[in-house]
Amino acid sequence: MTVRSPRPSPVTLRPPFAPRVCAAAALVALCGVAHAQVAPPDPAASAPSAQKLQRVEITGSAIKRIADEGALPVQVINRTDIVKAGVTTAAEIMATVSAMSNALTDGVSIGTGGVKDQMGFNSANLRGLGTSSTLVLLNGRRMANFASPGDDNGVDLNNIPAAAIERVEVLLDGASAIYGTDAIGGVVNFITRKDYQGVQLDVYGGKTGEGGAGKRTASIAAGHGDLARDGFNVMGVLDFQKTDALRTSQRDFISDLRIPERLPHLLSGVTFPGNIRLSSDQRDYLQEQGFLLNGRPITNRTINLSIPDCQAPHTLYLPAGIGGVDACSYDYMRDLELYPKTEKGNVLGRGVVALGGNHQLFVEASYSRSKSWYVGTSNRIDALLDVSMIPALAATGLADVDPEIEVRTRMLEAGNRASELTSTGSRVVLGMTGTVGAWDYDWGLNHSVNRISDRDVRGYLPYNATMQAYADGLLNPFGPSSQAGLDFLRDNNINQEVRRARGTMDSLDVKATRTLSRLAGGDMAIAVGAEMRREKSESSASDLLLSDDILGDPTPGDAQFTKNARNIWAAYGELLVPFAKQWELQLALRHDHYQKIGGSTNPKIGLRFAPMKDLTFRASAGTGFRAPSMNDLYRSVKTSTTPVLADPVCMRENDNDLTSCSDFWETRIYSNAKLKPEKSRQFSIGVLTDPTPNWSIGLDYWNIEKRNLISTIGEDVILANADKYASLIHRYNDAVPVDGCDFDPDDSSICFIELHKENRGKQKASGLDLTLQFRSPATDWGRFGARLVGTLTLSSKKQTGDGDPFISNLGRFVTDGVVQRWRHRLNFDWSRGPWSLNLANTFYSGYDDQNSAIDNDAGNIVSRNRVKAYSLWDLAGGWEATSALTLRAGVKNLFDKAPPFSNQAYFFISGYDPSYTDPRGRFFYLSASYQFK
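On a predicted model such as this, the values are computed, not experimentally measured, just so you know. Here the residue index of a chain counts from 1 through its sequence in written order. With the structure being a predicted model, the display of local features is reserved for residues of pLDDT at least 70 and the display and counting of side-chain atom pairs for 80 or more, all residues being used for whole-chain, interface and lining totals. In computing side-chain properties, one takes all heavy atoms of the structure into account and sets aside hydrogens as well as water.

### Considering the overall build of the chain
We count a stretch as a helix when DSSP gives it H or I for four or more residues in a row; a strand needs E for two or more, and each element gets its number in order from the N terminus. If you tally the helices and strands in the chain, you get 17 helices and 52 strands. Classification of residues uses two cut-offs on accessible area relative to the type maximum, computed with a 1.4 Å probe and protein chains only: under 20% is buried, over 50% is exposed, and between them is partly exposed. Counting every position in the chain, which comprises 933 residues, the buried fraction comes to 58%. Any two residues whose heavy atoms approach within 4.5 Å are treated as being in contact. Put simply, of all contacts in the chain between residues at least 6 apart along the chain, 73% involve residues at least 24 apart. To be clear on the numbers: accessible area is Shrake-Rupley with a 1.4 Å probe, and residue cover counts the displayed protein chains and nothing else. Split by element, the accessible area of the chain, about 36,400 Å² in all, is 55% carbon and sulfur.

Structure follows, in structure tokens:
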């Protein structure tokens, strides 16, 4: 990643903050939120070419200016950096940004049986403030958000045409007064190639050292026409990528995590061969008959006739585990995939024509399709059998007590449950740019769509028919089934779309800029703009899913058909006031109005002071707001489950016995049409200095506060304050029964916990962004460079409810993730002639683990753990074989670093945190690029 130097080398350009350059910039204006740092140019470059300074639009400002002028840092990742890093997708690019935290990734999406509404979503999350608080743009304009209804609202990075990216500008200041004040965490602007000429072919292939997760990519970019000479340019980019799946059996570190030993509470009692669940009377009868298992009388209600053999590696005999001394335990981490098989394709085309009179008409169209296969555990079923079908038990006469027996088994013969998630994005932008009188203008019509299709493709079966197949003996829960049973599994495998969603965004935006008057420090300039948007979303579920007859994919409820729309408009203005040679003041004001929600006006102010040519101070302050998403307002009831938590009522009734009173409790999450917007205040202050011609240093302090958080009260908070939140905890013996809870006056256990979206509490975050860059002059040994981009988070905390104390997730895993105190990306570069090398390090500091899960077998809290720091080194080299052909080779995760152990229980994957780690291990790749001019 390039964090560009605060100013070009004095060998070629005067410092951009020097008064002379500021005074010469005729149309310079700022909104106070952007400073694009530009890498030092090659001192060997000719002076004439270096002096061709052009005005460009920088993310965070609507007014074109010299790229190196501004008030706050924009981290820039250019195409060269992307190639050096060996990354091929937008999500992989964003993983190199130190300010990213708790983003949604492919690894997080792995798993079945839980909440599936946003499976496949790859997101950006700056500052750990939430995906919904990070605004993602393509060429400065919005895209349709990921359509599936869920808690996170944002653009699916799979819909970004990665091969077409020229650079990525990451605005870290938050609440952009230009693109939308919902950008509380910041703005990520993916900028594609424009005015491209020639043809470029790129291929990439990689494989891992231990197998699995291989990758192949191919792309072609072609363009024709010089806009200045020919009056037109057309270009297009095609990109195709395939990634192989990665199973747990292909990674030794899964065994090294020792999950059965360290996290026995996360294992399962549903096994293959199946565990038998006896009634109390059945157990008592077998004990009276002297029935033996493994040479010992049984003591528990759960038994397995195969002990102590069971069936490793997924089904184990762990006397101290969840199966107990008489049964087996299932380690699901030995029966799923860590990384999905994917197929991704993108196409982007752009055409621009000069109309004369300094006017240009352009059209931009893109289409992307990302197909991912998420493979989880084999399906489970609690089958009911006649005792006569189990000879070892039938011989005891158990049928006289109760002829029916329950067997909890895994359906390995049906294969792992697999879902095919397809995210499709399409976007067309038609617009014009030009000059009318003293005004530069830019307008665009934008139609953007995201479609989601979720199919159950393997391992899912009709529930009722499968139950009957076990009852009839067609399927064997203890061993191989007959051919007839295998035929049943094949013929009844469900392969159909079960969920569908579509989101659409149509917008018209227009902006205009001009200079106003001459001041002591340069030209005062103004920009004004407006935007109108219409957002629509709809989702549906299949009849089969709603019938609740899919084994392993229970219905989320009957009301799964949603269709909503709203209108949004905004207007903004910005003003640059260079009132002295060393001072610049930037002002911006934006008003947003959401249908049925209301409006909000938010200011932004920035100040830049350059007392010396190699020293610049900068500061900014502003406010923002984020309207609730349509999912927050109108989504149907969503069912889920909690982590293992203790029920305080049960604890009081059972002498605080965690073994009996801890479980996964059902939750029902309700939207709220009366939600109000979240609001924010943020400020930052920074310094830039070039102590020598070869060194550049930047340091910025940032502080963000959100209030009126749109959230639910955590289940752990509700149960820890059961008296306060008793109305949210529904029990089977409630005096007023609720739907879905069968009334039982003698059963005080929890039926479900009610969670409501509300505006409650605050969230605060602050920290330091550090940029440090060294670039040596040319030597006989070549040119050397080093670049460090790091984020030191000083505070990250939020309230779970109004008036509640703040809970910090800084250096501590809380509820759904952690914000590491320090993250960085460090690069060492060397180049000499056609050869180059790059050594890069990505680092995440260690932190306190979740340390709150309950081991309901041992009846205590899980052992405390501190997650070790995670450091990955990548090495890559390049050779410009000819002026047209460039070859590269690289190794990612050079030292084959495995993810550190974590006891977190939030993600389906256990033993480590999949939100920031890479389970692929050492990865080798080769790439080639050939250009035709």
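### Comments concerning the confidence of the model for the chain
Per-residue confidence from the prediction method is given by pLDDT, with values spanning 0 to 100. Averaged over all residues, the pLDDT of the chain is 87; the fraction at 70 or higher stands at 89%. No element of the chain has a lower mean pLDDT than helix H1 (residues 19-24), at 30, and none a higher one than strand E51 (residues 885-892), at 98. Scored below 50 in pLDDT, residues 1-56 makes 204 contacts in the model with residues more than four places away or belonging to other chains. This model gives residues 63-69 a pLDDT under 50, and the stretch forms 50 contacts once residues within four places in sequence are excluded.

### Section: the sheet that holds strand E21 (residues 380-386)
Strands qualify as paired when DSSP identifies two bridges or more between them. One open sheet holds the four strands; their spatial order is E15-E12-E22-E21, and the pairing between them is antiparallel. The two strands at the open ends of the sheet, each matched to only one other strand, are strand E15 (302-303) and E21. Bridging between E21 and strand E22 (residues 404-410) involves seven bridges; their strand directions are antiparallel. Bridge assignment links Ile 381 to a residue of E22, and that residue is Thr 409. Between N-to-C directions, angles cover 0 to 180 degrees, with each direction set by a line fitted to C-alpha atoms, over the stretch in contact for helices. Packing against the sheet, helix H11 (residues 463-471) makes contact with E21 and E22, and its axis sits at approximately 40 degrees to E21.

### Topic: the nonpolar core
Of all hydrophobic cores here, the largest spans 41 residues; its most connected members are Ile 254, Leu 257, Met 333, Leu 338 and Tyr 912. Listing elements by their share of this core, those giving two or more residues are helix H7 (253-256), strand E18 (337-339) and strand E50 (870-880). Excluding residues within four positions of it along the chain, Leu 338 makes contact with Gly 107, Ile 110, Leu 246, Thr 248, Arg 251, Phe 253, Ile 254, Met 333, Ile 909, Tyr 912 and Pro 919. As used here, the term nonpolar core means buried Ala, Val, Leu, Ile, Met, Phe, Trp, Tyr and Cys residues forming a set that is joined through side-chain atoms within 4.5 Å. Of all hydrophobic cores here, the second largest spans 30 residues; its members include Phe 291, Cys 328, Ala 383 and Leu 385.

### A few points about the side chain of Asp 913
Summarising the element assignment, Asp 913 is placed in the loop between E51 and strand E52 (923-932). The sign given to each residue is positive for Lys and Arg and negative for Asp and Glu; His and the chain ends receive no count. Any carboxyl oxygen of Asp or Glu that lies within 4 Å of a side-chain nitrogen of Lys or Arg is treated as forming a salt bridge with it. One buried charged residue, Asp 913, remains without a salt bridge, the closest side chain of opposite sign being Arg 823 at 7.4 Å. Setting aside residues up to four positions removed in sequence, Asp 913 forms contacts with Phe 813, Val 818, Tyr 847, Ser 902, Gln 904 and Phe 907.

### Quick look at the environment of Ala 95
Residue placement: Ala 95 occurs in the loop between helix H4 (90-94) and helix H5 (106-109). Linking Ala 95 and Thr 842, residues 747 residues apart in sequence, is a C-alpha distance of 9.3 Å.

### Concerning the state of the cysteines
Any pair of cysteine sulfurs within 2.5 Å is marked as a disulfide. Across all of its chains, the model carries two disulfides by this definition. Here Cys 310 pairs with Cys 328 through a disulfide, and the sulfurs are 2.1 Å apart. The sign of the -90 degrees torsion about the S-S bond sets the Cys 310-Cys 328 disulfide as left-handed. Within this pair, whereas Cys 310 is found in the loop between E15 and strand E16 (315-316), its partner Cys 328 is found in the loop between E16 and strand E17 (329-330), the two being separated by 18 residues in sequence. Judged on exposure class, the residue Cys 310 and its partner Cys 328 are both buried. Cys 741 shares a disulfide with Cys 751; S-S distance 2.0 Å. The chirality of the disulfide connecting Cys 741 with Cys 751 is left-handed, given an S-S dihedral of about -95 degrees. Of this pair, Cys 741 sits in the loop between strand E38 (729-731) and strand E39 (750-756) while Cys 751 sits in strand E39, and the two are 10 residues apart along the sequence.

### Quick look at helix H12 (residues 483-492)
Think of an α-helix as 3.6 residues a turn; residues three or four steps apart then line up on the same face. Along H12, the residues classified as buried are Gly 485, Phe 488 and Leu 489. Viewed end-on, H12 has its buried residues packed into an arc of 95 degrees, placing them on one side of the element. Of the exposed residues in H12, those oriented more than 90 degrees away from the buried face are Gln 483, Arg 490 and Asp 491. Looking at the packing, one finds that the buried side of H12 touches strand E25 (461-462) and H11. The directions considered for the arc run from the helix axis to the C-beta atoms.

### Notes on the pattern of salt bridges
Under the definition given, this model contains 47 salt bridges. A salt bridge links Asp 487 to Arg 490; the nearest nitrogen and oxygen atoms lie 3.3 Å apart. Residue Asp 487 and its partner Arg 490 are both found in helix H12; the two are separated by three residues, about one turn of the helix. Residue Asp 487 is classed as partly exposed on the basis of its relative accessible area, which comes to 24%. One salt bridge in this structure joins Glu 678 and Lys 706, with 3.5 Å as the shortest N-O distance. On the criterion of sequence distance, the pair formed by Glu 678 in strand E35 (residues 678-692) and Lys 706 in strand E36 (residues 695-707) is long-range, its members being 28 residues apart. We note that Glu 678, like Lys 706, is buried. What you see here is one network of salt bridges that share partners, running through Asp 151, Arg 626, Asp 632, Arg 635, Lys 638, Glu 678, Lys 706 and Lys 757.

### Describing the environment of Arg 216
Among the secondary structure elements, Arg 216 is positioned in strand E9 (residues 215-224). Filtering out sequence-adjacent residues up to four positions away, Arg 216 remains in contact with Tyr 204, Gly 205, Phe 240, Gln 241, Lys 242 and Asp 244.

### Some remarks on the pairing of strand E31 (residues 598-612)
In this sheet, E31 lies alongside strand E30 (residues 583-594) in antiparallel orientation, the contact comprising 12 bridges. Residue pairing for E31: Tyr 594 is matched across the bridge by Gly 598. Counting the residues in the hairpin turn of E30 and E31 gives three residues, including Lys 596, whose phi is positive at 70 degrees. Sheet topology note: the E31/strand E32 (residues 615-626) ladder contains seven bridges and is antiparallel. Note on E32: the bridge partner recorded for Lys 604 is Gly 622. The turn linking E31 back onto E32 is made up of two residues.

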